[in-house]
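Residue-level structure breakdown
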Amino acid sequence: MKMRFLVKLSFLIIGLLLSSQSKGQGPVTVETELVSSYVWRGIQFSPSPAIQPALTFSSGNETFFAGAWGSFSLGRYFSEIDLFAGFSAGAFTFSVYDYFVLPDTEEYNYFDFRRTHTGHALEGVVEFTGPENFPVEVTWGTFFYGDDLTEDEKPIFSSYLEVCYPFELGDHSLSVFAGLTPWQSMYAEKAALVNVGLSATRSLQVNQSYSIPLTASLMVNPWDKKTWFVLAVGF
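Residues numbered from 1 in each chain as written. Predicted model: local features only at pLDDT ≥ 70, side-chain atom pairs only at ≥ 80, totals over all residues. Heavy atoms only, no water.

**Thoughts on the side chain of Ser 159**
Considering the arrangement of structural elements, one finds Ser 159 in strand E10 (residues 159-169). Judged by relative accessible area, which is 0%, Ser 159 ranks as buried. A polar atom in the side chain of Ser 159 sits 2.8 Å from the side chain of Thr 142. The residues contacting Ser 159, other than those within four sequence positions of it, are Trp 140, Gly 141, Thr 142, Leu 180, Thr 181, Pro 182, Trp 183, Ser 185 and Tyr 187. (Helix = DSSP H or I, 4+ residues; strand = E, 2+ residues; numbered from the N terminus. Buried < 20%, exposed > 50% of the residue type's maximum accessible area, 1.4 Å probe, protein only. Polar contact = N/O pair within 3.5 Å; in protein donor to acceptor, adjacent residues only side chain to side chain. Contact = heavy atoms within 4.5 Å.)

So, in C-alpha cells, the structure goes:
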C-alpha cells in the first residue's frame, strides 16, 4: 500500500511539473486535476481524492485530436486509463473513447479485446455547442463494444444524454446541467434522470502568466437518490 501511494504521489508531482510547462503550447497539451472524489455522469467511482492527468495531441487548427486521460485514487484503490480520438466539424464534435479500469490485481491483460472477455468499453460520443448568444452544450454518448453486457453477455448499449448551459456571474464561470439515460443501462434500471447539478469555476491568479482554476460541483443523482459535492483543482 505504501508503494502504491508513492507511485500515485509521483504521478501528481510529474503531472504538475509537466502541466505548468506545457499548458497552451502548440499541438501538445498536458493538464492535471486533483479532485476530492471521482464522480462521472451520476456515478461515484472513487470516494477518495484522485489525480487525473490528461495528454492531448491536436492538429494545427484543432480539428482533429487524440489523447489519453486517467484517474488514480490516492486512497481506496481505483485506477482508470482512457484513450480517445475525434474531430470537430462546425458546431459538432465526434469522438470515440476507450475506457479501461485497471483491476485490483496484477493478473490482467490490457490487450485482450475479445467482446465477452475484455475490460475495455468503447463509446461513441457526439457533442453540439450552440452559438455565442445561446452557448448550450448537448452531449450524447453510447457504448457499443466491450464491457457493457447483460448477464447473458448481450450488449446493453448504455447511453447518456446531457444538456449543459454555461454562463458568467461576476468573476465566476457557472454551468447548470442535467443528464439522463433513455433506457435500462449501466446508469439506471430504466429511463431515468441520473445527473443534475451546478458547477462554478474561478481562476486563482498565481502570477501574471499563470493561474489555477478551482471548480466546485454540486451533483445529484435523482435515480439513486445520492448527492456529491466535489472540488477540482487544475494545474
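**With respect to the pairing of strand E11 (residues 172-181)**
By the bridge criterion, nine bridges tie E10 to E11 in an arrangement that is antiparallel. Residue Phe 167 lies in a different strand from E11, and its bridge partner there is Leu 174. The hairpin turn running from E10 into E11, its antiparallel successor, is two residues long, and Gly 170 in that turn takes a positive phi close to 65°. Judged from the nine bridges that link them, E11 and strand E12 (residues 192-207) form a sheet pairing that is antiparallel. If you follow Thr 181 over to E12, its bridge partner there is Ala 192. (Pairing = 2+ DSSP bridges.)

**Observations concerning unusual backbone geometry**
One non-glycine residue with positive phi stands out, namely Arg 41, at about 55°. Looking at the element boundaries, Arg 41 is found in the loop between strand E2 (38-40) and strand E3 (43-46). In this model, Lys 225 sits at a positive phi of 55°, which is unusual for a non-glycine residue. In this structure, Lys 225 sits in the loop between strand E13 (210-221) and strand E14 (226-234).

**Observations concerning the pattern of salt bridges**
Following the criterion strictly, the structure yields three salt bridges and no others. One salt bridge in this structure joins Arg 202 and Asp 171, with 3.8 Å as the shortest N-O distance. With a gap of 31 residues between them, Arg 202 in strand E12 and Asp 171 in the loop between E10 and E11 connect regions that are remote in the sequence. (Salt bridge = Lys/Arg side-chain N within 4 Å of Asp/Glu carboxyl O.)

**Section: a nonpolar patch on the surface**
Together, Phe 64, Phe 87, Phe 92, Phe 94, Val 96, Val 126, Trp 140, Phe 144, Phe 157 and Trp 183 make up an exposed nonpolar region whose accessible area comes to about 890 Å². Elements with a contribution of two residues or more to the nonpolar patch: strand E7 (92-102) and strand E9 (137-146). Residue placement: Trp 140 occurs in strand E9. Looking at Trp 140, the relative accessible area reads 31%, which means it is partly exposed. (Patch = residues over 30% accessible without salt bridge, like charges linked within 9 Å, V, L, I, M, F, W, Y side chains within 5 Å. Areas by Shrake-Rupley, 256 points an atom, 1.4 Å probe, with all protein chains shown as cover.)

**Points about the pairing of E7**
Residues in a regular strand project their side chains so that they alternate between the two faces of the sheet. Where strand E6 (residues 79-89) lies against E7, 11 bridges are found, and the strand directions are antiparallel. Note on E7: the bridge partner recorded for Phe 87 is Phe 94. Remark: two residues form the turn of the hairpin made by E6 and E7, two consecutive strands paired antiparallel; Gly 90 in that turn has positive phi of roughly 65°. When E7 meets strand E8 (residues 120-129), the two strands line up antiparallel, connected through nine bridges. Bridging across to E8, Phe 100 finds its partner in His 120.

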